[in-house]
Amino acid sequence: MDRFKKFMEDRTGVDHLSLALLILSIILVLIGMVFRWSMVRFLSLIPLVVCYYRAFSKNKLKRHQENILFLKYWYPIQTKMMNKYRHIKARRQYKYFKCKECGQQLRVPRKKGKIEITCPKCRHTFIKKT
């Protein structure tokens, strides 16, 4: 165990980008197996090799910069997906509307009949059935 700790001491390890590459590799393998595309299965090795290269790399600064660049593009996508998941989860309790003036998304409780909704951002009011 001490040998492994010593070996990994100066290495980068697994970060968000490496994990994303590993997941991409698994997805490509599954797609290749389902559709019997051997080329896709072969291409799935590329993200896997890059993932291992990043994990065992000693250039921590370069790997950290790559991870920061990846997260810069990943976080907005992740935020949108999480918002969609929350909307789907809360669909029974709330109804969502978009303000026609500013585009702000508004959440109102369901089963309240026709109500007047006021946008907190631009103060535009409209009547909708919940």
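Placed above this text is the structure.
Scoring rules and cut-offs
- Residues numbered from 1 in each chain as written.
- Predicted model: local features only at pLDDT ≥ 70, side-chain atom pairs only at ≥ 80, totals over all residues.
- Heavy atoms only, no water.
- Pairing = 2+ DSSP bridges.
- Helix = DSSP H or I, 4+ residues; strand = E, 2+ residues; numbered from the N terminus.
- Bend = angle between axes of the 7 residues up to and from the residue.
- Buried < 20%, exposed > 50% of the residue type's maximum accessible area, 1.4 Å probe, protein only.
- Contact = heavy atoms within 4.5 Å.
- Axes fitted to C-alpha atoms, helices over the stretch in contact; angles between N-to-C directions.
- Parallel < 35°, antiparallel > 145°, perpendicular 65-115°, else oblique.
- Left-handed = near helix turned anticlockwise from the far one by under 90°.
- Nonpolar A, V, L, I, M, F, W, Y, C, P; charged D, E, K, R; others polar.
- Salt bridge = Lys/Arg side-chain N within 4 Å of Asp/Glu carboxyl O.
- 1 Å grid on protein atoms, 1.4 Å probe; cavity = no way out; pocket = protein on both sides within 12 Å on 5 of 7 lines; lining within 4 Å.
- Points joined across faces, edges and corners; volume = space filled by probe spheres on them.
- Phe/Tyr/Trp six-rings, centres within 6.5 Å; stacked < 30°, edge-to-face > 60°.
- Lys NZ or Arg CZ within 6 Å of the ring centre and 35° of its normal.

Moving on: the pairing of strand S3 (residues 114-118). One ladder, built from five bridges, connects S3 with strand S4 (residues 125-129); its direction is antiparallel. Along S4, the bridge assignment pairs glutamate 116 with isoleucine 127. Turn length for the S3-S4 hairpin, with the two strands adjacent in sequence and antiparallel, is six residues, and the turn residue arginine 123 shows positive phi of about 65 degrees.

A separate point is helix H5 (residues 60-89). When the local axis directions of H5 are compared, the greatest deviation, roughly 30 degrees, occurs at tryptophan 74, which is followed within four positions by the proline proline 76. Among the residues making up H5, those that are buried are Arg63, Asn67, Leu71 and His87. On the buried face of H5, the contacting elements are helix H2 (16-35), helix H4 (45-55), strand S1 (94-98) and strand S2 (105-109).

What follows is about the pairing of S2. Residues of S2 alternate between two faces, with Leu106 and Val108 buried on one and Gln105, Arg107 and Pro109 left unburied on the opposite face. Of the pairings in the sheet, the one linking S1 to S2 comprises five bridges and is antiparallel in character. Bridging across to S2, tyrosine 94 finds its partner in proline 109. Counting the residues between successive antiparallel strands, the hairpin from S1 to S2 contains six residues, one of them, glycine 103, with a positive phi of roughly 85 degrees.

Our focus in this paragraph is the packing of H2 against H4. Contact geometry of H2 with H4 gives a least axis separation of 8 Å together with a crossing angle of 160 degrees. Compared by their axis directions, H2 and H4 come out roughly antiparallel. For the pair H2 and H4, the crossing hand works out as left-handed. Listed contacts from H4 to Leu17, Ser18, Leu21, Leu22, Leu24, Ser25 and Leu28 of H2 are Pro47, Leu48, Val50, Cys51, Arg54 and Ala55. Broken down by class, the residue content of the contact of H2 with H4 amounts to ten nonpolar, two polar and one charged.

What follows is about the pattern of salt bridges. Counted according to the given criterion, the structure contains three salt bridges. Note that glutamate 66 and arginine 54 form a salt bridge whose closest N and O atoms lie 2.3 Å from each other. Here arginine 54 lies in helix H4 and glutamate 66 lies in helix H5, a separation of twelve residues in the sequence. The exposure class of arginine 54 is buried, given its relative accessible area of 3%.

What follows is about the layout of surface pockets. If a probe the size of a water molecule is rolled over the atoms, the empty space left behind becomes visible. Considered as a void within the structure, the largest pocket measures approximately 150 Å³ in volume. Taken together, His16, Leu19, Ala20, Ile23, Phe70 and Trp74 form the lining of the largest pocket. Element by element, the count of residues in the lining of the largest pocket is highest for H2, at four residues. Class assignment for the residues of the lining of the largest pocket results in five nonpolar, one polar and no charged.

Summed over the entire model, instances satisfying the criterion amount to three aromatic pairs. A ring pair is formed by tyrosine 52 and phenylalanine 56, whose centres lie 6.2 Å apart and whose planes are at 15 degrees; its orientation type is stacked. Under the relative-accessibility criterion, tyrosine 52 is labelled partly exposed at 48%. It is arginine 107 that lies over the ring of tyrosine 94; its NZ or CZ is 3.9 Å from the centre.

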